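# Understanding the architecture of this molecule
As a plain string of letters, each chain reads:
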Amino acid sequence: MSARAPKRRGSTGRWARIGVHVVVVAIIVVWFVPTIGLFVSSLRPQAEAASSGWWMAFVRPIYTAQNYELALDQLQTASSLATSLAIAVPTTALVMFFSVLGSYALVRMRFAGRTALSLILVALLVTPPQITLVPLLRLYYMAGLSGTLPGIWLYQTGFTVPFGVFLLRGFIASIPEELYESAHLDGASELRIFRSIVLPLARPILASLGILAFLWSWNDLLIPLLFLGGSPLAPAITVNLSGLAAQTAQGRGPLMAATFLSVVVPLILVISMQRHFVRGILGGAVKG
Amino acid sequence: MARIPAYVPFLVVVGAIGIPILVYAALGIGERVLAHLPARLERRTRPWLWLGLPLVLVVVILVYPIVTTLGTSIMGARSETFVGLDNYRWAFSGTMLGIVGNNILWLVVYPIVTLILALAAAVLFDKVRYGPLAMSIVLLPTAISFTAGAVIWSEIYSFQPEGSPQIGLLNAILHLFGFAPVPWLIQPIVNNLALIFVAVWLHLGVATLILSAAIKNVGGDMVEAARLDGAGEFHIFASIILPNILPAVLVVLTTTLITSLKVFDIVYVMTNGNFGTDVIANRLYYELFAASNFGHASAIAVILLFAALPVALINVVQFRREAK
Amino acid sequence: MSSVVIDDVRKSYGGVEVMHGVSVDIPDGSFVVLVGPSGCGKSTLLRMIAGLEEISGGTISIGDEVVNDVVAKDRDIAMVFQSYALYPHMTIFDNMDFSLKLRGLSKAERKERIDKAAGILGLRELLDRKPSALSGGQRQRVAMGRAIVREPKVFLFDEPLSNLDAKLRVEMRSEIKALQHRLDTTTIYVTHDQIEAMTMGDRIVVMRDGRVEQCDTPLNLYDRPANLFVAEFIGSPSMNFVPGRFRHEGAERWLETEDGLHLPLPPDAAGEEGRRVVYGFRPEHLVLGDGLPATIELVEPTGAETMVLLKLGVAEVTGVFRERIVEPEGATLEVWPDPARVHLFDPDTGMRLA
């Protein structure tokens, strides 16, 4: 398209363009530098870190992997990462599974109370988790779910399924009715249609839901802090970090290393699946 | 190095693969049974077979606790005695006033700052060639936990008395320009704003993405027409783009409001509520574990719930409108 | 043994009856077209036969079995949808294979059937492609292929050609017809296009407002429409209607229009003096020659024939002539409805007389 509006050549126009670049570059810097700082800090020896800021590492490049050794060795970081994985992987799978089940039934099947149910789910999207803590702590204690992995899966899945159903329902509603009817006439049962038509078609949006569910589960502090206490497992990585942040005995290097390890997993996920991540955020743009 | 009990991998496999397979098999059996029912009954029963488990999950984790908490909020510390509205009176008196005040500060500052920055980013990213890169970079922190974000920014806010070398980035910059260092996390009000900015940093990407998508949806024809009519860039934004992206603005405002209500991780990790930065969610954690006062904890949880109700209502109304 | 018998079928939505006792017999191996304006209930009826809509009253039998309570998947029926409803994530082969697999056929048999269908429809080269890589016409063929590999008791078509361009539609029309002859499977075909109905059906069911207006062979519908609706619906351009009254004088009989014109009656027409009738004749049955003066309002030559809009007294009528009409608009032509092909209807009931 060569038909462009003529650009204003006046000095205000040029200053405005420079202003735009300044603001955008400033945002890029502020949003990128902290993560760089974290990574550089995690590589600096304790003596260096105690006397100068991380940016001095570019002036006096002294690097060490010692912080990572300490973090993995003494701070239980490896076990914590394992615990976080053991929380997030099943939670992600269960959120995806129950959400697609629920949204399929909610969209495709007609029954009394269907609209009311959808509205209740939408209202539940913004429930603050705090409202659930007192009763669930008691319930978990009585049911023996305190300090167990399934207890955490149960909580995070139940808490995220309304969002999952919300995210998927639009997509499932967009599958043409005739496709289901055609499958029915081809002799497929409801379950078969679910497996052979709905699941494969919903794969992209399920990937979006999966990323978000994994991020929320992996990044959650409150629930593992409250419900995983007293288990033989190492604390989840967020819980571990919050504990380390409060004490300075080990020096900050190992904490930086542990923190960096904790963000590497979700960062890789978001970078490698940015398209799905973006679709998930835009599709579910309502949750708090 | 890692001490992971041997049963954990097995448990994970059971959870991630075994449960879905079991549920799927149960559905299969349920469908077999349904096939023997009369057609009408079959159609009536089927939704509940499919919705049953997701619904049970939601009821156990969300609905039942909400109802119960309403009850325990008017009971004593151990939920044994009826105390009427005492817990609520406590929640709006003494130290709690400052805490509620902090949440109100969050509720005002966080959404506004996020909205303004996100609008600026969404509009300006569109005007430079490296806009997509900028968007990706702003999206990066959305992958980072509030906990890790708090750790990262604790370093940036780090404060040493004047004279000592500043190892925190912000105070080092101040020092470079000859200013006195600021105790970012200790000085009242400043520390609250410092905490709020961490949340802005973590979630600006989401808001920018939502607004940017909405702006791209505003017809180019409309903007072109306004430009031909002689409207300046700012005028175009204010009178053409902004009115057309109000739903997206509403989404950004409601999501940030909810985040402000339930914010916990950042405060817990960075100040643990000291120096006048405490918020309701952090206090609730304290009431649960340090004070073991379930009445207080329930009451402030209910306050959070009621504060979230308007947003829930807005969402329901939006949803009904879109469904039509 | 796969005739379809529709007996007094009714359909209500929330207490409002929208189909009022439809009965049609569809013999084994025949090709029946359901036609009518949109909203007439033809698609609903088709979907009731398929088992996609509940039947509120009456019975539908396939073969000798009443299928009211048989779910769609057990009726052994294949349907071609207007949108084709191909499974977008499966290859063409898998699309056709889906139902066969569900029926538990052996791999060899499945492959053989798909190969045969693909051969008939010219789809052999496309079997590993996904539907999105196909043109509209190819997708249409795949939809048919998916139906024929099943070797079902009945084929149902729901406006299958309406998404194709005009040329392809004409081609597919004859292709479907030929295919049906070859397979000899009972076929029910829904369309709103009366040309499609006339060219394809062994029998046509004309529907309106949830009722059957007439069910007959195409030429009988054309030659002896049962009522005003069918007379107007079938044929293009539409039949001309002129209201008037019977007149006798001795052995001579004619129709007198409201403005006093005399029109010839068919030889077998009978009725008492002064009786009101609607006098109908098709544009192609208006002949040039000594007769009534008519003013030319508009001439539309198509080459093979010429369509002329005429003013006959106060009535506007259309004539289609093999002859070239060179007279200008406003000129007068002498025309005459061929009395042997005139239709008479009761103006109150709309039914055909005699």
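A quick note: this is a predicted structure, and the numbers were derived from the prediction, not measured. (Residues numbered from 1 in each chain as written. Chains lettered and ligands numbered in written order. Predicted model: local features only at pLDDT ≥ 70, side-chain atom pairs only at ≥ 80, totals over all residues. Heavy atoms only, no water.)

### Things to note about the sheet that holds strand β16 (residues 306–312) of chain C
All names here are of chain C. So the rule is basically this: What makes two strands pair is DSSP finding at least two bridges between them. The numbering of helices and of strands both runs from the N terminus, where a helix is a DSSP run of H or I of at least 4 residues and a strand a run of E of at least 2. Here, axes are lines fitted to C-alpha atoms. For helices the fit covers the stretch in contact, and angles between N-to-C directions go from 0 to 180 degrees.
Spatially, 4 strands are ordered β17-β16-β15-β18 in an open sheet, and the strand pairing comes out antiparallel. Strands at the two margins of the open sheet, each flanked by one partner only, are β17 (315–321) and β18 (332–337). This sheet shows a mean twist of 50 degrees between the axes of neighbouring strands, independent of strand direction. Bridge count for strand β15 (residues 286–301) against β18 is 7 bridges, and the pairing is antiparallel. From the neighbouring strand, alanine 294 faces β18, where its bridge partner is leucine 333.

### Points about the UniProt feature "domain: ABC transporter" (unreviewed entry) in chain C
The cut-off we apply is this: UniProt positions are given in the numbering used here, feature names are shortened, and annotations may be inferred rather than shown by experiment.
According to UniProt, the positions carrying the feature "domain: ABC transporter" (unreviewed entry) are residues 4–234 of chain C. Between the C-alpha atoms that bound residues 4–234 of chain C there is a distance of 25 Å. The span itself is 37% helix and 26% strand.

### Describing the interface of chain B and chain A
Many analyses report the size of an interface as the accessible area lost when the parts associate. Selection rule: We call two residues contacting when some pair of their heavy atoms lies within 4.5 Å. Put simply, buried area is how much 1.4 Å-probe accessible surface two parts lose in total, over both of them, once they are put together. Salt bridges are defined by distance alone: a side-chain nitrogen of Lys or Arg within 4 Å of a carboxyl oxygen of Asp or Glu. The term polar contact refers here to a pair of N or O atoms within 3.5 Å; inside protein, the definition further demands a hydrogen-donor-capable atom paired with an acceptor-capable atom, and it admits residues adjacent in sequence only when both atoms are side-chain atoms. Ten residue types, Ala, Val, Leu, Ile, Met, Phe, Trp, Tyr, Cys and Pro, are classed as nonpolar, four, Asp, Glu, Lys and Arg, as charged, and the remainder, Gly among them, as polar.
Contact residues are listed per partner, giving 107 residues for chain B and 113 residues for chain A. At the boundary of chain B with chain A, total buried surface from both sides reaches about 9,700 Å², with 81% on carbon and sulfur atoms. Where chain B touches chain A, the interface holds 2 salt bridges. Where chain B touches chain A, the interface holds 12 residue pairs in polar contact (both at pLDDT 80 or more). By residue number, the principal contributor to the side of chain B that touches chain A is helix α2 (residues 39–72) of chain B, which donates 20 residues. Classifying every residue of the side of chain B that touches chain A by side-chain character gives 82 nonpolar, 16 polar and 9 charged.

### Structural notes on the UniProt feature "transmembrane region" (unreviewed entry) in chain A
UniProt tags residues 20–40, 85–107, 119–141, 153–172, 193–216, 222–243 and 255–273 of chain A as "transmembrane region" (unreviewed entry). Within residues 222–243 of chain A, the helical portion is 59% and the strand portion 0%, while the C-alpha atoms at the span's ends are 13 Å from each other.

### Regarding the nonpolar core
Spelled out, the test is: Put simply, buried Ala, Val, Leu, Ile, Met, Phe, Trp, Tyr and Cys residues joined by side-chain atoms within 4.5 Å make one nonpolar core. Note on exposure labels: buried denotes an accessible area under 20% of the residue type's maximum, exposed denotes more than 50%, and partly exposed covers the range between, all computed with a 1.4 Å probe on protein chains only.
Counting 242 residues, the largest nonpolar core has Phe227(A), Trp106(B), Leu211(B), Ile266(B) and Ile6(C) as the members making the most contacts within it. Looking at this core element by element, the count peaks at 15 residues for helix α8 (residues 190–217) of chain B. In this structure Ile266(B) touches Trp106(B), Phe146(B), Ala150(B), Leu195(B), Val198(B), Ala199(B), Leu202(B) and Thr271(B), once residues within four positions along its chain are discounted. In terms of nonpolar packing, the next biggest core, distinct from the first, is built from 42 residues, Val35(C), Val206(C), Phe229(C) and Phe233(C) among them.

### Looking at the domain arrangement of chain A
Residues and elements named next belong to chain A. Cut-off, in case you're wondering: Note: domain ranges come from an automatic or database domain assignment.
Structurally, chain A comprises domain 1 (4–58) and domain 2 (68–284). Here domain 1 and domain 2 have C-alpha centroids that lie 34 Å from each other. In this complex, domain 1 contributes 8 residues to the contact, which on the side of domain 2 involves 11 residues. Carbon and sulfur atoms make up 72% of the surface buried where domain 1 meets domain 2, a total of about 710 Å² over both sides. For the pair domain 1 and domain 2, the interface holds 2 residue pairs in polar contact (both at pLDDT 80 or more). Of all elements in the fold, only α1 (11–42) and α2 (46–51) reach the threshold of two or more residues within the side of domain 1 that touches domain 2. It is α1 that provides the largest number of residues to the side of domain 1 that touches domain 2, a total of 5 residues. Split into classes, the residues belonging to the side of domain 1 that touches domain 2 amount to 4 nonpolar, 4 polar and no charged.

### A closer look at the packing of helix α13 (residues 252–272) of chain A against helix α6 (residues 146–156) of chain B
Two measures define how a pair of helices packs: the angle their axes make with one another and the distance between the axes. The following threshold applies: These descriptions rest on fixed angle ranges, namely under 35 degrees for roughly parallel, over 145 for roughly antiparallel, 65 to 115 for roughly perpendicular, and the rest for oblique. Left-handed describes a crossing in which the near helix is turned anticlockwise from the far one by less than a right angle; the clockwise case is right-handed.
For the pair α13(A) and α6(B), interaxial distance at closest approach is 10 Å and the crossing angle is 140 degrees. Relative to α6(B), α13(A) is oriented oblique. Along this stretch, α13(A) crosses α6(B), giving a crossing that reads as left-handed. In contact with Arg252(A), Leu255(A), Met256(A), Thr259(A), Ser262(A) and Val263(A) of α13(A), α6(B) contributes Ala148(B), Val151(B), Ile152(B) and Glu155(B). Of the residues that constitute the contact of α13(A) with α6(B), the class distribution is 6 nonpolar, 2 polar and 2 charged.

### Notes on the packing of aromatic side chains
Any pair of aromatic rings gets described here by the distance separating the centres and the angle formed by the planes. The test is simple: Any pair of Phe, Tyr and Trp rings, taking the six-membered ring for Trp, is counted once the centres come within 6.5 Å. Such a pair is stacked with planes under 30 degrees apart, edge-to-face with planes over 60 apart, and tilted for the rest.
Applying the stated criterion to the full structure yields 32 aromatic pairs over all chains. For the ring pair Tyr268(B) and Tyr285(B), a centre distance of 5.3 Å and an interplane angle of 80 degrees mean the geometry is edge-to-face. Taken together, the residues Tyr268(B) in helix α12 (residues 265–270) and Tyr285(B) in helix α13 (residues 280–289) connect sequence positions 17 residues apart. According to the relative accessible area criterion, Tyr268(B) is buried, its value standing at 18%. Cluster of aromatic residues (ring-pair linked, three or more members): Trp31(A), Trp153(B), Tyr157(B), Trp184(B), Phe197(B) and Trp201(B).

### Re the packing of helix α4 (residues 95–125) of chain B against α8(B)
All names here are of chain B. Between α4 and α8, whose axes approach to 7 Å, the crossing angle comes to 40 degrees. By the angle between their directions, the pair α4 and α8 is classed as oblique. Crossing geometry of α4 relative to α8 is assigned as right-handed. Residue composition of the contact of α4 with α8, grouped by class: 22 nonpolar, 6 polar and no charged.

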